[in-house]
Amino acid sequence: MIQIYGAGIAGTYLYHHLTSEGLEVAIYDRRKEPDCRCAWGIVYSEAKSFYSEIGLNFDDYVILKPEFVVANGVWLKNRDIVIFDKKKLLSDLWVEMNKVDEPEIIVDATGVARAYLPEIENDRVLPTVQTKEKHDVEPNLYIQMERTGYAWAFPLGDGWWHIGAGNIDKGEIGRLLAELRAKYGFNSSEPVCNCAGKVRMLPPSRCKPFVSGNVVGVGEAIGCVSGAGEGNAPALASARILADCLLNSELENYEQRILKELEWVENEQRFVDAMLKNNYLTALRLLPKIIAVESRRTVQHSLEEIRKLIGI
């Protein structure tokens, strides 16, 4: 029997993938329903492929595809990022929550909480604030970033926006949001919801162990968040790898496969680490690898555009 704790992107996908293969699985989440925290963007082709494996048509949840990603005033042509109704998708995947006694395997899909795996030494978790507001702004994806954090605005259709920011220094979040609003025309308005959250910004290699006793981690619990704060597609990828390892009784290969198949996440987080330490030489060396991956996945961009964006 497998017990999954956490019914977010990774946990729900893993549950349905394993049960479709006939495994006995229980899933539990302390929330009564999914919430709307965190960004709602994902790489369409990847999401479409992953969810088709569990019989879900991802097209039913796509809200829109922005034409541009605008980061620090640099306009980048969007290649494959879509905004999706994350809350509805998770709601449709939620099943009766259940805890079983003495499961053979416990899956820690609790995200930044990492509630069942050992604590991470020198963990790096950014506090975030997030709102949902209405604005008359061209529906692109807007980002304002700096060395220690970033702010974002995701269009949700019909004039609605998901706006938020995260920073290592919580006191800087308000300033980052103010810069985003001023730069792209998001005048302060009354939000329909307002909440706080956290995001783990650490390479997977620094989130070991992935497996401890009969506990195995997945998604953000083991650092599957990109350097740009993208967690949805990496979470699905990690859940797919874990499902494969469990179905083939190859859990001993799980850590190696995560580090190999999500090397692009590792590189992006190493880039963030280099920037935080003012190690610009290491950051520049990593850029070609990052651009090679992201120019296929997310936006069309050149080395010069990225250097301009990050200021090095």
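Above this text is the structure in question.
Here goes a summary of the coordinates provided.

Here is what the cut-offs are and how they apply
Residues numbered from 1 in each chain as written. Predicted model: local features only at pLDDT ≥ 70, side-chain atom pairs only at ≥ 80, totals over all residues. Heavy atoms only, no water. Pairing = 2+ DSSP bridges. Helix = DSSP H or I, 4+ residues; strand = E, 2+ residues; numbered from the N terminus. Axes fitted to C-alpha atoms, helices over the stretch in contact; angles between N-to-C directions. Salt bridge = Lys/Arg side-chain N within 4 Å of Asp/Glu carboxyl O. Buried < 20%, exposed > 50% of the residue type's maximum accessible area, 1.4 Å probe, protein only. Phe/Tyr/Trp six-rings, centres within 6.5 Å; stacked < 30°, edge-to-face > 60°. Arc of directions from axis to C-beta. Left-handed = near helix turned anticlockwise from the far one by under 90°. Contact = heavy atoms within 4.5 Å. Nonpolar A, V, L, I, M, F, W, Y, C, P; charged D, E, K, R; others polar. Core = buried A, V, L, I, M, F, W, Y, C linked by side-chain atoms within 4.5 Å.

**What about the sheet that holds strand E16 (residues 299-300)?**
1) Next: Pairing within the open sheet is mixed, and its eight strands lie in the order E13-E9-E12-E11-E10-E5-E6-E16. The sheet is open, and its two borders are formed by strand E13 (193-200) and E16, each paired with just one other strand.
2) Next: In terms of strand pairing, strand E6 (residues 74-78) meets E16 through two bridges, oriented antiparallel. In the strand pairing of E16, Lys77 is matched with Gln300.

**Brief notes about unusual backbone geometry**
1) Next: Backbone torsion omega between Lys208 and Pro209 reads 5°, so that peptide bond is classified as cis.
2) Next: Topologically, Pro209 is positioned in the loop between E13 and strand E14 (211-212).
3) Next: With a phi close to 50°, Ser249 is a non-glycine residue in the positive phi region.
4) Next: Looking at where Ser249 falls in the secondary structure, it is placed in the loop between helix H5 (232-247) and helix H6 (254-261).

**Some points on the sheet that holds strand E7 (residues 81-84)**
Pairing between sheet strands relies on hydrogen bonds along the backbone, with the strands arranged either parallel or antiparallel.
1) Next: The sheet built from three strands is open, its strands ordered E3-E7-E4 with antiparallel pairing. Single-partner strands in this sheet number two, and they are strand E3 (41-43) and strand E4 (62-64). The average angle at which neighbouring strand axes cross in this sheet is 55°, direction not considered.
2) Next: In the sheet, E4 pairs with E7 via two bridges, with the strands oriented antiparallel. Within E7, the residue paired with Val62 across the bridge is Phe84.

**Some points on the pattern of salt bridges**
1) Next: Inspection of the entire model under this criterion finds 20 salt bridges.
2) Next: Salt-bridge contacts for Lys48 lead to Asp59; the nearest nitrogen and oxygen are separated by 2.8 Å. Pair noted here: Lys48 is in helix H2 (residues 44-52) and Asp59 is in the loop between H2 and E4, with a separation of 11 residues, a long-range link.
3) Next: Among the residues examined, Lys48 registers a relative accessible area of 28% and is labelled partly exposed.
4) Next: Here Glu261 ties to Arg257 by a salt bridge, and the two come within 2.7 Å at their closest N and O atoms. A residue pair is termed a helical-turn pair when its members lie 3 or 4 positions apart in one helix, as Glu261 and Arg257 do in helix H6 at four residues.
5) Next: We classify Glu261 as partly exposed; its relative accessible area is 40%.

**What about the pairing of strand E9 (residues 125-134)?**
1) Next: Two strands pair when backbone bridges link them, and E9 and E13 are joined in this way by eight bridges, in the antiparallel orientation. Considered in E13, the bridge of Val129 is made with Ala196.
2) Next: Bridge count between E9 and strand E12 (residues 160-167): seven bridges; the pairing is antiparallel. Residue pairing in the sheet places Gln130 in a bridge with Gly164 of E12.

**Quick notes on the pairing of E6**
1) Next: Note that strand E5 (residues 68-71) and E6 share four bridges and pair antiparallel. Looking at E6, one finds that Phe68 is bridged to Lys77.
2) Next: Counted along the chain from E5 to the antiparallel partner E6, the turn is two residues long, and its residue Asn72 has a positive phi close to 50°.

**Brief notes about the packing of aromatic side chains**
1) Next: All told, the structure shown has 14 aromatic pairs when counted by the stated rule.
2) Next: Arranged with centres 5.9 Å apart and planes meeting at 40°, the rings of Tyr142 and Trp161 form a pair that is tilted. With a gap of 19 residues between them, Tyr142 in strand E10 (residues 141-146) and Trp161 in strand E12 connect regions that are remote in the sequence.
3) Next: Classification of Tyr142 by relative accessible area gives buried; the value is 4%.
4) Next: Owing to a relative accessible area of 1%, Trp161 belongs among the buried residues under this scheme.
5) Next: Taken together through their ring pairs, the aromatic side chains of Tyr13, Tyr44, Phe50, Tyr51, Phe58 and Phe84 make up a single cluster.

**Brief notes about H2**
1) Next: Within H2, the full set of buried residues consists of Ala47, Phe50 and Tyr51. Viewed along the axis of H2, the buried residues span an arc of 90°, placing them on a single side of the element.

**A look at the packing of helix H1 (residues 9-20) against H5**
1) Next: Look at H1 against H5: their axes get within 8 Å of each other, and the N-to-C directions meet at 35°. Where H1 crosses over H5, the two elements pack in a sense that is right-handed. On H5, the residues that touch Ile9, Ala10, Tyr13, Leu14, His17 and Leu18 of H1 are Asn232, Ala235, Leu236, Ala239, Arg240, Leu242, Ala243, Leu246 and Leu247.
2) Next: Tallied by class, residues from the contact of H1 with H5 come to 12 nonpolar, two polar and one charged.

**Structural notes on the nonpolar core**
1) Next: Core analysis: the biggest nonpolar cluster contains 56 residues, and Ile4, Tyr51, Leu89, Val107 and Tyr254 have the highest contact counts within it.
2) Next: The element contributing the most residues to this core is H5, with 10 residues.
3) Next: Residues in contact with Val107, not counting those within four places in the same chain, are Ile2, Gln3, Ile4, Tyr5, Leu14, Val216, Val218 and Leu242.
4) Next: Membership of the second largest hydrophobic core comes to 21 residues, among which are Val69, Ala71, Leu141 and Val299.

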